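A closer look at the structure
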Amino acid sequence: MRKITAVIAFFLWSLLNTAWAAADISVSLRLDRVEATLVDTVRMEIHVSGTRSSDARPVLHGMESFLVTKGGTSSRIEIVNGKVNAGLTYTYFIQPQKTGEFTLGPAEIKADGRILESNKVKLVVKASSPTSEPDRSPVFIEASISKQDIFVEEQTLYILKFYYRINVGNLSLNMPEIENIALKQLGEPREYQTTNSGAAFRVLEIRYSLSASVHGEYVIGPSKMKMIVRKRGNQSLFDDFFNDPFFQSPFSSFSSGRPLTVASQPVELKVLALPEVERPSDFSGLVGKYQMESRLEPAHLKTGESATLTVKVSGKGNVNRIPDIDLPELAFARTYSDQPVLETDPGDDGITGTKTMKWALVPGKAGQFKVPPLKLSFFNPESRKYDELHTATHTLSVLPGPAQETAAANLMPSNSITAEKSAKKEIQQLGMDILPIHTSAGDLSVPYRMLFTGWLYWFVLFGPPVIYLMLLGGMKIRNRSPERMVHSRSRNAFRNLSKRCRQDLSGGADLIEAFRDYLNERFNLAIGTLTAAETEKILLSNGADSDTAIAMRSLIERLENAVYAGDDAQPADAVNDLLGFIKTLEKEIQ
Amino acid sequence: MSRVKRLITILLPVFLLISYSVKAQNVQSAQEGFFEANRAYKKDQFQAAIDGYLKLIKNGFENGHIYFNLANAYLRAGDLGRAILFYERAYLLIPRDDDLNFNLSHAKSQTVDATDKLQTFAMNGFLGLDTWNLYEAFFVFSILNVFLFFILGIRLFNKAEWSYYLSIFLVIVISVGALVLALKWYQSASDNRAIILADEVAVRAGPDPQDTVLFKIHEGTMVNYERSEDGWVLLNLSEDKRGWVKSSQLERIVKKDTTS
């Protein structure tokens, strides 16, 4: 359901967009060939893009020498990448009434309340082929060249016309390959009907742009067309189906029959060298007919802002040889060139193209400045001489920018300093050489190398751990002496007692037990139950002062009384007293 | 016994004095040789300069600056192959010297053959291995080593908290230092690069002048030295460019005595 809604919404959006597309309507006129005979019928189409309807049928101009028959109208709508393109095509068939060169059009059409004009096209009408010519075979190919004497790099047309009046398919064309000759196909092949030697033929016309890179006389060899000639007869029920235009296309591969190859006649070509006389020094090999235009936008700006100089070179010929024009260095501005863009169009009469070059100009000082004209040389085959094109001289009006105004107010030196600073150049490498030798006496020293020599290497690597291990071993041995062991035992006993006292001892009995363990550990005893009298005796026998021994006895008695009186709590300050007495005791014993 | 003691007491200072004076004399003589070679270089007597620098190296004054000067002299004398060889040897000792890097780059730009850079050791960029020389790596490791055991020694007598954390930090740092030193040592030991010294060398399919010439390489090109056999060396530039050349036509950057 959602999908259907989306499709409908998209369709409606497309229709709405059609109205928008109508805002950009254009009309073009096109013929299916550029040459015809008096017996030919030429198809003419008028394409109106940007709308699917017009207010009236087109009005055709320049049709006085032709018999015009309407061929119908078709409209189209395309959606490409979300963009809607609507179009309308009027088709006419025109039959020439006399020979000559005619300009057809423009076609006028009224759409969206406006009158629009199409382009004009040329048509050359020749007399029909005389019937006295010998009968041609039902399939043949003709090659022609529009100009037989050309200059190097000049463009001429090589036209192949494939005539056929039988059912053919699987067409393939082999073009001749000639050194120094370049052939480039112009557009898609055209198909139309004509008469030749009094017989009606379908014609497939292919046009090529031909140019030569080296002067001399050439023979363009035959172009060969291979095909399959389809059988006639044995018609079946399916014939109607296979008579569909799709299957009758000469390029369709749904066919069987006899293979056939036809070849065009060779064509002679004379290529002249470009004249050496008056050849401009900047000539790049450009041959043809060209125009050059330029513009500078904006022409008024402030320092630090940017103006764009655009130069367009357009014309017909070897457009790929249009050179990238160099803009000379401008004293008043920094210049930044854009990548040139070349657009080519392989039209019916040859390759045309336009090269667009752009530069950004950023002026560094205020004033009126002129951008010098740019020059382009080319060889014009029609006039047979070199021509030069020049752009106009543009004037750039520059006002002081904010920074420069401040500078002027502060009476700073002239603006030329700013311009000099802004026109920085890329540093160029002028030469290559090595840097000189090292000559300081210190350069003779061998740093760190002494660490790698002999005993020092081993000492630095293994000395510290060996010394450390020796110290560690010495300390271990020292700790094993009787004095150190007694000292160690005393320290451990006191540490353990302090630790137990810091814990939450529940009563006097626990404190007596902790003290008993201290005495056992300190004096290496094995007392099971400790009494106050025993305490005094042990302390005195181990060298304690009598006052301390008595004090300790009193403390133990106090604790015992508390235990036997049923008071399970510790007497006040018993822990502190005990630790204080033991510290005194340790000093006395030592 | 007392006579022996007396003899030692007299002879030891004399021996130390003599050895010190000999050493001082050597240094003075080396300095004179160094300045002499430098003067020859400046007078464009490059062969004399080369001889002077080579004599210093032979006498044990082998450092990056002498190699650099020697390479400069070879380059000025038109011997590109030996110039690059000694620049590369200098690079092993003074890799951060800007003059050296400039001149080495300049010399390499003059070689004929376009070859890919030989990758001798996959971890060249690890911890800036390329910018250290082996002696510097060992020196830093030695300092850390002494410092760590000094702190551990202090802890034997005073187990302060700061010494505990400092020793942990030093153990981590010295582990990294040991890794760098080991990699640097491995890099140096596995360095098989060699420089072509002859103007043009035909690389053959086997160690025989009659063997097929596979390709040719030119002076200054860096190659990988694989092994030697009867005065011939098997080298390679890449997997598909291997062959034999005469051992006199190239020299290894890291001098090794192995002949396998």
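Per chain, residues are indexed from 1 in the order of the written sequence. The naming scheme follows written order: chains are lettered A onward, ligands numbered 1 onward. pLDDT decides what is reported in this predicted model: residues at 70 or higher carry local features, side-chain atom pairs at 80 or more are listed and counted, and totals for whole chains, interfaces and linings draw on all residues regardless. With hydrogens and water stripped out, all remaining heavy atoms of the structure feed into the side-chain values.

**Digging into the overall build of chain B**
Comment: elements are numbered from the N terminus, with helices defined as DSSP H or I runs of at least four residues and strands as E runs of at least two. Secondary structure summary: chain B contains 7 helices and 7 strands in total. What you see in chain B, going N to C, is helices and strands ordered as α-α-α-α-α-α-α-β-β-β-β-β-β-β. Put simply, chain B has 260 residues, and 44% of those count as buried. In this analysis, two residues are considered to be in contact whenever any of their non-hydrogen atoms come within 4.5 Å of each other. Taking the intrachain contacts of chain B between residues at least 6 apart in sequence as the baseline, contacts between residues at least 24 apart amount to 58%. Accessible surface, chain B: about 14800 Å² in total, of which carbon and sulfur atoms supply 58%. Each residue is placed in one exposure class: buried if its accessible area under a 1.4 Å probe, protein chains only, is under 20% of its type's maximum, exposed if it is over 50%, and partly exposed if it falls in between. Reported accessibility uses the Shrake-Rupley method at a 1.4 Å probe radius. Residues are deemed covered only where the shown protein chains occlude them.

**Description of a nonpolar patch on the surface**
For patch building, the residue pool is restricted to those with more than 30% relative accessible area and no salt bridge; the joining distance is 9 Å between like charges and 5 Å between nonpolar side chains (Val, Leu, Ile, Met, Phe, Trp, Tyr). What counts as a salt bridge is simple: a side-chain nitrogen of Lys or Arg found within 4 Å of a carboxyl oxygen of Asp or Glu. Together, A:W455, A:F459, A:I467, A:L471 and B:F157 make up a nonpolar patch on the protein surface, roughly 590 Å² of accessible area in all. The dominant element in the nonpolar patch, judged by the number of residues it contributes, is helix α6 (residues 454-479) of chain A, at 4 residues.

**Points about the interface of chain A and chain B**
The parts lose accessible area when they come together, and the size of an interface is often stated as this lost area. With 27 residues of chain A in contact, the opposing surface of chain B contributes 41 residues. Summed over both partners, buried area is the accessible surface (1.4 Å probe) that two parts give up on being assembled. For the pair chain A and chain B, the summed buried area comes to about 3300 Å², and 72% of that belongs to carbon and sulfur atoms. Area buried by chain A at its contact with chain B is led by A:I434, A:H438 and A:L444, which between them contribute 23% of it. On inspection of chain A and its partner chain B, the count reaches 1 salt bridge. In this structure, the salt-bridge partner of B:R76 is A:D433, at a minimum N-O distance of 3.0 Å. Counted as a polar contact is a pair of N or O atoms within 3.5 Å, where, for protein atoms, one must be capable of donating a hydrogen and the other of accepting one, and residues adjacent in sequence contribute only when both atoms are in side chains. Along the contact surface separating chain A from chain B lie 9 residue pairs in polar contact (both at pLDDT 80 or more). Under the scheme applied here, ten amino acids are nonpolar (Ala, Val, Leu, Ile, Met, Phe, Trp, Tyr, Cys and Pro), four are charged (Asp, Glu, Lys and Arg), and all others, including Gly, are polar. The class makeup of the residues in the side of chain A that touches chain B is 20 nonpolar, 4 polar and 3 charged.

**Looking at the sheet that holds strand β7 (residues 100-104) of chain A**
The strands that make up a sheet pair up through hydrogen bonds in the backbone, lying either parallel or antiparallel. All names here are of chain A. Any two strands are treated as partners once DSSP identifies two or more bridges connecting them. Reading across the sheet, the 3 strands line up as β2-β10-β7 and stay open at both edges, with mixed pairing between neighbours. Two strands lie at the open edges of the sheet, namely β2 (35-37) and β7, each paired on one side alone. With strand direction ignored, the average angle separating the axes of adjacent strands in the sheet is 30°. Pairing geometry for β7 and strand β10 (residues 121-126), over 5 bridges, is antiparallel. Pairing of L104 across the sheet is with V121, part of β10. Axis lines are fitted through C-alpha atoms, for helices just across the contact stretch, and the angle between N-to-C directions can take any value from 0 to 180 degrees.

**A look at a positive patch on the surface**
All names here are of chain A. Where like charges cluster on the molecular surface, the positive patch consists of R491, R495, K499 and R502. Mapped onto the secondary structure, R495 falls in helix α7 (residues 482-502). For R495, a relative accessible area of 48% translates into the label partly exposed. Neither His nor the chain ends contribute to the count of charged residues, in which Lys and Arg are positive and Asp and Glu negative. By convention, charge coordinates are those of NZ in Lys, CZ in Arg, CG in Asp, or CD in Glu.

**Looking at the pattern of salt bridges**
Residue and element names in this part refer to chain A. Throughout the structure, instances matching the rule amount to 33 salt bridges over all chains. A salt bridge links E557 to R553, with the nearest nitrogen and oxygen atoms 3.2 Å apart. Placement of the pair is E557 and R553 together in helix α10 (residues 546-564), with a separation of 4 residues, close to one helical turn. In this structure E557 comes out as partly exposed when scored by relative accessible area, which is 32%. For R553, a relative accessible area of 29% translates into the label partly exposed.

**Focus: the packing of helix α4 (residues 80-93) of chain B against helix α5 (residues 98-108) of chain B**
Residues and elements named next belong to chain B. Interaxial distance between α4 and α5 falls to 10 Å at its minimum, and their mutual angle equals 150°. Taken together, the axes of α4 and α5 lie roughly antiparallel to each other. Along this stretch, α4 crosses α5, giving a crossing that reads as left-handed. Across from L80, I84, Y87, E88, A90 and Y91 in α4, the residues of α5 making contact are L100, N101, N103, L104, A107 and K108. Each angle is binned into one of four classes, with values under 35 degrees roughly parallel, values over 145 roughly antiparallel, values of 65 to 115 roughly perpendicular, and all other values oblique. Two helices crossing with the near one rotated counterclockwise from the far one by less than a right angle form a left-handed crossing, whereas a clockwise rotation gives a right-handed crossing.

**With respect to the packing of helix α6 (residues 134-157) of chain B against helix α7 (residues 161-189) of chain B**
Residue and element names in this part refer to chain B. In the contact formed by α6 and α7, the axes pass within 9 Å of each other and the chain directions differ by 155°. Accordingly, the angle class assigned to the pair α6 and α7 is roughly antiparallel. Both α6 and α7 take part in a crossing whose hand is left-handed. Residues belonging to the contact of α6 with α7 are distributed by class as follows: 19 nonpolar, 5 polar and 2 charged.

**Some thoughts on the confidence of the model for chain B**
As a per-residue measure, pLDDT tells how confident the predictor is, with possible values from 0 to 100. Averaged over all residues, the pLDDT of chain B equals 87, while 91% of them reach at least 70. For this predicted complex, the interface confidence reaches an ipTM of 0.78, while the overall pTM sits at 0.43.

**A short note on the side chain of B:D113**
All names here are of chain B. Of note, D113 is situated in the loop between α5 and α6. K241 provides the closest opposite charge to the buried, unpaired D113, separated from it by 10 Å. There is a polar contact of 2.5 Å between the side chain of D113 and the backbone nitrogen of H218. Separated by 2.7 Å, the side chains of D113 and T221 make a polar contact.

**Some details on the packing of aromatic side chains**
Paired rings are identified among Phe, Tyr and Trp, the last through its six-membered ring, by centres lying within 6.5 Å, and are further divided according to the angle between planes into stacked (under 30 degrees), edge-to-face (over 60) and tilted (the rest). Inspection of the entire model under this criterion finds 20 aromatic pairs over all chains. Judged by centre distance (5.9 Å) and plane angle (55°), the ring pair of A:Y468 and B:F149 falls under tilted. In this pair, A:Y468 is assigned in helix α6 and B:F149 in helix α6, connecting two distinct chains. On the basis of relative accessibility, which here comes to 19%, the residue B:F149 falls in the buried class. For the ring pair B:Y67 and B:F86, a centre distance of 5.8 Å and an interplane angle of 25° mean the geometry is stacked.

**A short note on the nonpolar core**
We call a set of buried Ala, Val, Leu, Ile, Met, Phe, Trp, Tyr and Cys residues a nonpolar core when their side-chain atoms join them within 4.5 Å. Formed by 40 residues in total, the largest nonpolar core has its most connected members in B:Y41, B:Y53, B:L56 and B:Y87. For this core, the secondary-structure elements that each account for two or more residues are α1 (2-42), α2 (46-58), α3 (64-76), α4 and α5 of chain B. Apart from the residues within four sequence positions on either side, B:Y41 is in contact with A:I434, A:I437, B:F46, B:A49, B:Y53, B:N72, B:A73 and B:R76. Listed in part, the 33 residues of the second largest apolar core include A:F162, A:Y208, A:V271 and A:Y386.

**Side note on the side chain of A:E536**
All names here are of chain A. With respect to the element layout, E536 can be found in helix α9 (residues 532-541). Given a relative accessible area of 16%, E536 falls into the buried group. Polar contacts involving the side chain of E536 include one to the side chain of R553, which spans 2.6 Å. Setting aside anything within four residues of it in sequence, one finds E536 in contact with A549, I550 and R553.

**Notes on the pairing of strand β26 (residues 341-347) of chain A**
All names here are of chain A. Bridging between β26 and strand β27 (residues 350-363) involves 7 bridges; their strand directions are antiparallel. Paired with L342 across the strands is K355, a residue of β27. Linking β26 back to β27 in an antiparallel pair, the connection comprises 2 residues.

**A word on the sheet that holds strand β14 (residues 168-174) of chain A**
Residues and elements named next belong to chain A. One open sheet holds the 3 strands; their spatial order is β14-β19-β20, and the pairing between them is antiparallel. At either margin of the open sheet sits one strand with a lone partner, and together these are β14 and β20 (257-263). Here the strands of the sheet are splayed against their neighbours by 20° on average, with no regard to which way each runs. Alignment of β14 against strand β19 (residues 224-230), held across 5 bridges, turns out to be antiparallel. By the bridge assignment, G169 is partnered in β19 with I228.

**As for α3(B)**
Residues and elements named next belong to chain B. Helix span, as expected, comes to 1.5 Å for every residue beyond the first. The end-to-end C-alpha distance of α3, which contains 13 residues, comes to 18 Å, matching closely the 18 Å that a straight helix rising 1.5 Å per residue would cover. With 12 of 13 residues buried, α3 lies mostly within the body of the structure. Along α3, the residues that are buried comprise G64, H65, I66, Y67, F68, N69, L70, A71, N72, A73, Y74 and L75. Capping of α3 at its N-terminal end is provided by N63; its side-chain oxygen lies 3.1 Å from the backbone amide nitrogen of H65. Of the residues one or two after α3, G78 is the one with positive phi, at around 90°.

**What about helix α11 (residues 574-589) of chain A?**
Helical geometry note: an α-helix holds 3.6 residues per turn, so side chains three or four residues apart project in the same direction. Residue and element names in this part refer to chain A. The end-to-end C-alpha distance of α11, which contains 16 residues, comes to 22 Å, matching closely the 22 Å that a straight helix rising 1.5 Å per residue would cover. Here α11 has its buried residues at A574, V575, L578, L579, I582, L585 and E586. One face of α11 carries all of its buried residues, which in axial projection span an arc of 130°. Exposed residues pointing more than 90 degrees away from the buried face of α11 are listed as N576, K583 and K587. Against α7, α8 (508-523), α9 and α10 lie the buried residues of α11. What the arc covers is the set of directions going from the helix axis to the C-beta atoms.

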